[in-house]
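# Results of the structural survey
Given next are the chains, with one letter for each unit.
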Amino acid sequence: MMPVTVSDVTDHIPITAEVRHVATRSNSAVSLAGQVYDLRIAGLSADSAYTLKMQPGDRTSLISTITHRHGDPLEGFSEFQTENWDGEGAKAIDSETLGAARELIEKLPVWIAAPEAAPAADGSIGLEWVWQEAGRPVKVFIDVEPGRKVATFVRYSNGQTTEAVMSLDELETINHIRSLLLETGSAAIEAA
Amino acid sequence: MTDGSGGVVQERDTWFRPITNSKHLRKDGTLHHSAIKGALDPPPVASMTWSFEFSGRLLSIAHDVVKDANARADIQRQNRPAMAKYFAFHAVMHVTAATVRQWQRFKADVLHHPTIRDDAHSNLVVYDLPEDEKLTFSEALIEILTVTSAAQLPAFEAARIPPG
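Residues numbered from 1 in each chain as written. Chains lettered and ligands numbered in written order. Predicted model: local features only at pLDDT ≥ 70, side-chain atom pairs only at ≥ 80, totals over all residues. Heavy atoms only, no water.

### Considering the overall build of chain A
When its secondary structure is counted, chain A shows four helices and 10 strands. Going residue by residue from the N terminus, the α and β elements of chain A occur as β-β-β-β-α-β-α-β-β-β-β-β-α-α. Of all 192 residues assigned to chain A, the portion counted as buried reaches 53%. Residue pairs at least 24 apart in sequence account for 48% of intrachain contacts in chain A once pairs closer than 6 positions are excluded. (Helix = DSSP H or I, 4+ residues; strand = E, 2+ residues; numbered from the N terminus. Buried < 20%, exposed > 50% of the residue type's maximum accessible area, 1.4 Å probe, protein only. Contact = heavy atoms within 4.5 Å.)

Right under this line is the structure:
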């Protein structure tokens, strides 16, 4: 099946989306900023050619059709569940921490790009979203630490930074993280 | 040096740390903050005046950069065969002592702390850093660190100066 290329110009940065037909329950898949999402588009059959015509400001309508994020940023992390996994005394990433990181990612809106995840020697899992806004870096770091503790760091495009520590068991935590990712300028599909 | 406070490091000397876990490099080749934050340790002796230290090596003394990094990766692969795919000598992160000392955002230094295992062992130390600002420090440190891939190591090693 021939891929269909979609150009989506947002208020921030241009995005090129490649719509691909896939044999899933969804109509098709779309690749934005290197990440693949499932789309469900009314009236689109699985084997038909289709062109999405996106206009500036149309991102919302595209987001509303995204139903599934492909890929698991925590793939392979179960292998860090042993002490000294780095040969230099690293603490194990325990199952609670791994579960908490997975829970956090799953509770984020599906159209938010998957983070780049990495294990840390202190037993935490670091999640990162980094992108450019008007040529300046915007960064969101979220560390899931033992005991379901969550540390967040944000660098805004104006250079301001904030850091906070909270618990994943607090109801506000997920909302706070969602807000961080949204207010920093659509970490969503522009990320990576 | 015997009191643990650390030997003086020349301004032009380079502190570096091999990166042997592929997950500590982002897809674009830049450093992931977990490579730093998780390795910030409090000083082993409580009387030391810095808050955290980041273990590395001094280029002026380390003439075995590749051998040492490969040995670290070998140990990691041998200890955890199931994770072998992650461990290899991928790159080094590095910065000069002068850059660390002139850093405006944090009071930091590079100190020579040789160990029985490694004459070149050195710590990048940071003073007055609260526990709840480790992510801020890690992000700031990423900004002054350079990452050089293992394939580009000759250029990195060309910056070696004679030991002080």
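There's plenty left to go through after this.
### Regarding unusual backbone geometry
All names here are of chain A. In this structure, N84 is a non-glycine residue whose phi angle is positive, near 60°. Checked against the element boundaries, N84 lands in the loop between β5 (66-69) and α2 (95-107). Of note in the backbone geometry, R148 takes a positive phi value of approximately 60° without being a glycine. Within the secondary structure, R148 sits in the loop between β8 (136-145) and β9 (149-155).

### Structural notes on the interface of chain B and chain A
Taken together, the contact between chain B and chain A spans 28 residues of the former and 35 residues of the latter. Together, the buried faces of chain B and chain A total about 2700 Å²; carbon and sulfur atoms form 45% of this surface. Here chain B is connected to chain A by nine salt bridges. In this assembly, chain B and chain A are joined by 24 residue pairs in polar contact (both at pLDDT 80 or more). Going through the elements one at a time, β1 (14-21), α1 (34-37), α2 (65-79) and α4 (134-144) of chain B are the ones with two or more residues in the side of chain B that touches chain A. Broken down by element, the residue count for the side of chain B that touches chain A peaks at five residues, all from α4(B). In terms of residue class, the side of chain B that touches chain A is built from six nonpolar, nine polar and 13 charged. (Buried area = accessible area lost by both parts, 1.4 Å probe. Salt bridge = Lys/Arg side-chain N within 4 Å of Asp/Glu carboxyl O. Polar contact = N/O pair within 3.5 Å; in protein donor to acceptor, adjacent residues only side chain to side chain. Nonpolar A, V, L, I, M, F, W, Y, C, P; charged D, E, K, R; others polar.)

### Description of the packing of aromatic side chains
Residue and element names in this part refer to chain A. Per the counting criterion, the structure on display carries nine aromatic pairs over all chains. Seen from their ring centres, F77 and F80 are 5.7 Å apart, and the 70° between their planes marks the pair as edge-to-face. We classify F77 as buried; its relative accessible area is 0%. Its relative accessible area of 0% is what places F80 among the buried residues. (Phe/Tyr/Trp six-rings, centres within 6.5 Å; stacked < 30°, edge-to-face > 60°.)

### Considering the environment of A164(A)
Residues and elements named next belong to chain A. Within the secondary structure layout, A164 lies in strand β10 (residues 161-167). Classification of A164 as partly exposed rests on a relative accessible area of 27%. Not counting residues within four places of it along the chain, the set of residues in contact with A164 comprises V150, A151 and T152.

### Some points on the pairing of β9(A)
All names here are of chain A. With respect to burial, β9 is a largely interior element, six of its seven residues being buried. Across seven bridges, the pairing between β8 and β9 is antiparallel. The residue bridging V140 from the neighbouring strand is V154, located in β9. Here β9 runs beside β10; their pairing, made up of seven bridges, is antiparallel. Counterpart to F153 in the pairing with β10 is E163. Taken together, β9 and the strand that follows it, β10, pair antiparallel across an intervening segment of five residues, in which G159 is found at a positive phi of about 95°. (Pairing = 2+ DSSP bridges.)

### A look at the nonpolar core
In terms of nonpolar packing, the biggest core is built from 34 residues, with L74(A), F80(A), L104(A), I125(A), L127(A), W129(A) and I142(A) touching the most fellow members. Mapped onto this core, the elements with two or more residues apiece are α2, β7 (125-133), β8, β9 and α3 (171-183) of chain A. The element contributing the most residues to this core is α2(A), with five residues. In this structure, F106(B), V110(B), F137(B) and L141(B) belong to the second largest nonpolar core, which totals 30 residues. (Core = buried A, V, L, I, M, F, W, Y, C linked by side-chain atoms within 4.5 Å.)

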